[in-house]
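Listed below, chain by chain, are the residues.
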4 protein chains.
Amino acid sequence: MQTKTLRIGVLTGGGDCPGLNAAIRAVSKSLMINCCAEIIGIQDGFLGLIERRVKPLNYEDCSGILSQGGTILGTHNSASPFNYKGVDVSDKVLDYYQSLELDGLVVIGGDGTLSIAYEMSKLGMNIVGIPKTIDNDLMGTDRTFGFDTAISIVTDALDRLRTTGQSHKRVMILETMGRYAGWIALHAGIAGGADVILIPEFDYDIDEVAKACQSRMGDQHYSIVVIAEGAKPIGGQLTIRETKDGGGDPIRLGGVANVLKLQLEQKIDAEIRATTLGYIQRGGSPTAFDRVFATSLGCYAASLVANKQFGKVVVLQDGQLCSTSLKEVAHKSRIVTNEDSELASALSMGICFGNPDLATKLHSLNK
Amino acid sequence: MQTKTLRIGVLTGGGDCPGLNAAIRAVSKSLMINCCAEIIGIQDGFLGLIERRVKPLNYEDCSGILSQGGTILGTHNSASPFNYKGVDVSDKVLDYYQSLELDGLVVIGGDGTLSIAYEMSKLGMNIVGIPKTIDNDLMGTDRTFGFDTAISIVTDALDRLRTTGQSHKRVMILETMGRYAGWIALHAGIAGGADVILIPEFDYDIDEVAKACQSRMGDQHYSIVVIAEGAKPIGGQLTIRETKDGGGDPIRLGGVANVLKLQLEQKIDAEIRATTLGYIQRGGSPTAFDRVFATSLGCYAASLVANKQFGKVVVLQDGQLCSTSLKEVAHKSRIVTNEDSELASALSMGICFGNPDLATKLHSLNK
Amino acid sequence: MQTKTLRIGVLTGGGDCPGLNAAIRAVSKSLMINCCAEIIGIQDGFLGLIERRVKPLNYEDCSGILSQGGTILGTHNSASPFNYKGVDVSDKVLDYYQSLELDGLVVIGGDGTLSIAYEMSKLGMNIVGIPKTIDNDLMGTDRTFGFDTAISIVTDALDRLRTTGQSHKRVMILETMGRYAGWIALHAGIAGGADVILIPEFDYDIDEVAKACQSRMGDQHYSIVVIAEGAKPIGGQLTIRETKDGGGDPIRLGGVANVLKLQLEQKIDAEIRATTLGYIQRGGSPTAFDRVFATSLGCYAASLVANKQFGKVVVLQDGQLCSTSLKEVAHKSRIVTNEDSELASALSMGICFGNPDLATKLHSLNK
Amino acid sequence: MQTKTLRIGVLTGGGDCPGLNAAIRAVSKSLMINCCAEIIGIQDGFLGLIERRVKPLNYEDCSGILSQGGTILGTHNSASPFNYKGVDVSDKVLDYYQSLELDGLVVIGGDGTLSIAYEMSKLGMNIVGIPKTIDNDLMGTDRTFGFDTAISIVTDALDRLRTTGQSHKRVMILETMGRYAGWIALHAGIAGGADVILIPEFDYDIDEVAKACQSRMGDQHYSIVVIAEGAKPIGGQLTIRETKDGGGDPIRLGGVANVLKLQLEQKIDAEIRATTLGYIQRGGSPTAFDRVFATSLGCYAASLVANKQFGKVVVLQDGQLCSTSLKEVAHKSRIVTNEDSELASALSMGICFGNPDLATKLHSLNK
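Owing to the predicted nature of the structure, the values given are computational and were not obtained by experimental measurement. (Residues numbered from 1 in each chain as written. Chains lettered and ligands numbered in written order. Predicted model: local features only at pLDDT ≥ 70, side-chain atom pairs only at ≥ 80, totals over all residues. Heavy atoms only, no water.)

With respect to the pattern of salt bridges
This model, assessed by the stated rule, comprises 64 salt bridges over all chains. With a shortest N-O distance of 3.1 Å, B:R7 and B:E38 are connected by a salt bridge. Taken as a pair, B:R7 in strand β1 (residues 7-12) and B:E38 in strand β2 (residues 38-42) lie far apart in primary sequence, 31 residues in all. What makes B:E38 partly exposed here is its relative accessible area of 37%. Sharing partners across several salt bridges, the network here consists of A:D44, A:E51, A:R53 and C:K169. (Salt bridge = Lys/Arg side-chain N within 4 Å of Asp/Glu carboxyl O. Helix = DSSP H or I, 4+ residues; strand = E, 2+ residues; numbered from the N terminus. Buried < 20%, exposed > 50% of the residue type's maximum accessible area, 1.4 Å probe, protein only.)

Right, here's the structure in full:
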């Protein structure tokens, strides 16, 4: 089907994410086995194309990495050919891409990385994208790999916080990742049996949150609150600033969990504890689900490459693997809406979102 | 929406499955919160209706069970109103159902249990079904809860077997559940990086399997083989029988992993070890995915009950929660076919299925 | 051996800890089975004796709790009969204890709780103590239950942070519990392959830490730093304070991980990320090790009670279960010293403690 | 302390075991860092010395392996210089050892491997031993690494089987490793809340086992039975044999769990299910405890090497790391006795061992 000379680059960009190695392995092995392709690993995301750091990947390089977190190629959060230390070096990157004699480039990344990929594809790069993000907020796909692992980590944390909350009769607050989208907080909150879930999509009324916790303090004597890092009270975030002793400019520290703790302490008479999971949400071995999903996306991407269907992204739509154009995914993001099925479930379970627009009600069956 | 007198029964039938308690909790809490319903727990599946063992479930009974495996209601594999110790007692069961003054009954079960539910619904029971099975082989739904937990357990086992296989240069065989459908073996095999996956849907040629293992013994020096309990060689299962010392009738023992081990030992020169996971695949705390999924199914079922849409089952179709008729699900099962996306991925990764009809090839993009 | 009327109270005090339920179960079942004892559960630590909240525990109450985190009796961090809202109510507590007609009281707690137990025993209570703390810092015992679970949680977190550190070439800082003793940071740091471990026992020189990280940035390109919450730089902690916008008194926020991050950012040119695990270190299901250990301590405590050996604590000394007097344990704590075997191992592995007194050297064999 | 020319071989023998890589890493890094040693990896246990397969290990080879199961050096169960395919090649092995110009050899293994090491040391090899075995049955040490990981895996399996047992009211039997010693079954049985524990050290009376299960069927309606693979009924094992259809010599299949199931089915009226964990007990990532323990043993072994204290084994005695002579460990094994503390705990909890000599009783305090 393919000549022996097919040369394909593979690149991982943006924040690391469980399943990246599974995707690299799937794309590479699938192309090696079916197309005798040579695989060129681009190091540290687009930075590798800018600073010209690549390494060939052979079959052994792609073995035994399925269960490993992170990415063997390295990644970078912000490197862009359009703004490298303030300079647009996209033309140089294109030159380098051509000098590598690549037939195509598989870009595994989130919103930012795929947006850059889209812009580079318009300059003539043959790109196939694979969506990844623990935040699950990519437009055009029902789901991204890394998300399942993230919610399993947060859920495990909630199972642990619950026993402490019960034993001490406390309100336990857990801050999760999710600056613009509340998917992690919503799903992990449901899986962890949270009483309150606060997400960026719906500003919270502190009095509603306090009421929900208070009602339980008289009853089950403890509450579990999950708050996404981007959630904010109605009227805007009450920021907390800190200064090093001896002054100096204030630096933002802590996070919304600490803010919420301070707010709640003024409203209810209960011991409150806040925990911020931070980076452990994005590392480590992927769940079985994410391994299968990332592998399937990678194999599907290999088919797109073999069929020279460039400018595309592999996505999951209506439960089916398929492809859409990079344009559909670039420069967009997907957030939780009133239509969301898990939100409907959470509401029918009586979970409090601290928002008057989201009253407890049964699933609507309008589907 | 509902009067205070709504009385709903809940029943779990068939083999236990991670997520049953999450579903019980979701149905019950959702109906209590939104409809002030009384919930009646039927004990041990349909056996509870036959032997008249029920208990009211209050809000506390449904608290703190989300993360627990098994079912607080108990379950039974084979009890049927149509054949209770050889007698059809369906009329007595119907009498009892009416004497309980139930407005509806939520039945959480697999193929067998939902088939009985369908038959009882034809006799006049107001039933809403929720599909569960770790085998993922129910017709009419893309996925069942319990399956994700099962593959995560099998995948964890494969991660462990791999290190032993590598250290000793062995062929490690793992037998999974799956008598008629190979979903667990297929997904866990992909997630665990299996070299060979043998499933009931495609009989295997022992020489193909031997060849696949042999080729790796010269290379990476070890192989991982996943075999579903229902997989069989072309030409039919080579059974293994055993007798107690001193004779007596032979009794079936061991399983397909041991059979395959004996077959392979005659074909290749390698140390081979077989492991059968057995019952640990269906127990324990559900994964975050299964908790969310079972909760959503339960909440959706509650809506169907509240809306008196009986004779229905909650299902996932094209990635969407919706309902179908019990008839569509009853007396059927869903197996792995050539159209399956994960099978396509496995093939493009070069995983051996021991079957000439399943050659390594790229994903087709006919979607 | 005992008459049917043996009445024993059980109390859990201080911070919750994985294994508390295993210990409650072991004490209670062992005394019920062997001495037909009645068990009286004291609720919320010494607060239950102060506010007179107790409940009888039967055999069923003690079943199925072995694997559960937290404590079914509830606990309280600070309640003391000698200072209840500023008042000494120890005499009233003694009256209540006598009115309960208890033959003995098993107190499961850490330093603070066992110190109170010692003082109450001097007033005439028949007390047997069981040491618990995730911090492993109790005097008189080689180990406490809860510690193994805590280090396993921190180690899991380090495994996750490692993949992110590698992928992004970052310095990853993890803050663990341990205000006065560094046991958790030391053991988890070794188990998690940390490059730098900072503990309260040895103040750190920020330049040494920076050097250790810098040297790796040129080499493996990432570093793992574990810091106990009580660790401080030579010269004393650089505190970080914050004020709510619009002023008001400053409130302590964040922690030593954030402080260290700020310090390091001024010394080395690398991306640095800080994570604080917080409360998830003390919750959830205990490890197999802690379940066995807590069970053995509980069974041994039951023997002490049955033999009326009061004023004692069950301890592990030289690898053997035995008992010591409450006096030996009360008002003391155990910290990491130069003699410690794991510290010696860490030093011989070249792990940096940021302290000039702790140079890399081989294990001494003076034992 | 050492010249640059110190050359040390490292070898892992016997069954693989979680923590082997942690020990290899600790020995190697400690000797590299403190003695500038060259490390020579011997491949596949003593087979590598027989077939002359070695590879130098550098610092990078020893990085990132701490959390990996198995052994990067490979291992072999039975290869012995004294019996290689029936021939004594110990003299050739000694020649090869000398030709490698090794100053010493660190042998990481269990009973069999350390016994060979002892015999080779008598022929003039400079050997330091490190004990490993998941079975914890080595003489001269309180504990071996790998054991904690094994019991945590078995305990996790018991947690899963429990939910199935409860839901179906079944007797769940789990067969663990332990041919001659019952340590895994004893510790995991306690940690998993087993009702019956059967180990090789104490033959079981099937009627006692049946009685213990029967009594619970009336009560909690289910039982958990843990049986070590070497456990046998009083009067000797009722073996089960099988023949391939068409005859041929009978081959042992299944195991003691299946035997016990058949025995119990004739004694009690209950559903009984048997599971055999097999090889998953010895693979995968080591627990935090085993990582710390294996690291400490490795670091201590490095000190012995550096101090030319050969013919020794690193052991844990009375809770302290120290060394003993290879002779003390070779050709011996350690089994569970009446003196054992965990056995005493299990008895005081009323756990049934099916043996009349082991009646339920309190811990004796004769220590």
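Concerning the pairing of strand β4 (residues 104-109) of chain D
Residue and element names in this part refer to chain D. Along β4, 6 of the 6 residues are buried, which leaves the element largely enclosed by surrounding structure. Pairing of strand β1 (residues 7-12) with β4, which is carried by 5 bridges, proceeds in the parallel orientation. Opposite V10, over in β4, you have V106 as the bridge partner. Sheet topology note: the β4/strand β5 (residues 127-131) ladder contains 5 bridges and is parallel. Considered in β5, the bridge of V106 is made with V128. (Pairing = 2+ DSSP bridges.)

Regarding the interface of chain B and chain A
Taken together, the 56 residues of chain B in the interface contact 56 residues of chain A. Buried surface at the junction of chain B and chain A, summed over both partners, amounts to about 4,300 Å²; 63% is from carbon and sulfur atoms. In this assembly, chain B and chain A are joined by 2 salt bridges. The partner of B:R291 in a salt bridge is A:D159, with the nearest N and O atoms 2.8 Å apart. Taken together, chain B and chain A are joined by 12 residue pairs in polar contact (both at pLDDT 80 or more). Those elements that provide at least two residues to the side of chain B that touches chain A are α1 (20-35), α5 (147-168), α6 (183-191), α9 (288-306), β13 (320-325) and α11 (341-348) of chain B. With 12 residues, the single largest contributor to the side of chain B that touches chain A is α9(B). Of the residues contributing to the side of chain B that touches chain A, the split by class is 20 nonpolar, 24 polar and 12 charged. (Contact = heavy atoms within 4.5 Å. Buried area = accessible area lost by both parts, 1.4 Å probe. Polar contact = N/O pair within 3.5 Å; in protein donor to acceptor, adjacent residues only side chain to side chain. Nonpolar A, V, L, I, M, F, W, Y, C, P; charged D, E, K, R; others polar.)

As for the packing of helix α9 (residues 288-306) of chain A against α11(B)
Closest axis-to-axis distance for the α9(A)/α11(B) pair is 9 Å, and the angle between their directions is 70°. With respect to each other, α9(A) and α11(B) are oriented roughly perpendicular. Of the two elements, α9(A) crosses α11(B), and the hand of that crossing is left-handed. Residue-level contacts link A:V292, A:S296 and A:C299 of α9(A) to B:E342, B:S345 and B:S348 of α11(B). (Axes fitted to C-alpha atoms, helices over the stretch in contact; angles between N-to-C directions. Parallel < 35°, antiparallel > 145°, perpendicular 65-115°, else oblique. Left-handed = near helix turned anticlockwise from the far one by under 90°.)

Quick notes on the sheet that holds strand β6 (residues 170-176) of chain C
All names here are of chain C. Strand order across the open sheet formed by 4 strands is β7-β8-β6-β11, with parallel pairing between neighbours. Every interior strand has two partners, whereas the edge strands, β7 (196-198) and β11 (271-276), have only one. Averaged over all pairs of adjacent strands, the angle between strand axes in this sheet comes to 15°, irrespective of strand direction. Direction of pairing for β6 relative to β11: parallel, over a ladder of 6 bridges. What sits directly across from E175, in β11, is T276. On top of the sheet, helix α6 (residues 183-191) reaches β6, β7 and β8 (223-228); it is set at about 170° to β7, its chief contact. Sitting on the sheet, helix α8 (residues 256-265) touches β6, β7, β8 and β11, and the angle it makes with β11 is about 170°.

Remarks on the UniProt feature "binding site: ATP" (unreviewed entry) in chain A
According to UniProt, the positions carrying the feature "binding site: ATP" (unreviewed entry) are A:G15, A:G110, A:D111, A:G112 and A:T113. Of the residues just listed, which span 99 residues, no C-alpha pair is farther apart than 10.6 Å, and they cluster in one region. Take A:G15: its relative accessible area is 15%, and that puts it in the buried class. Not counting the four nearest positions on each side in its chain, A:G15 is found in contact with A:N77, A:K132, A:R282 and C:H168. Inspection of the secondary structure puts A:D111 in helix α4 (residues 111-122). A:D111 sits in the partly exposed class, given a relative accessible area of 30%. Look past the residues within four positions of A:D111 in its chain and what remains in contact with it is A:L138, A:V329, A:H331 and A:K332. (UniProt positions renumbered as here; feature names shortened; annotations may be inferred.)

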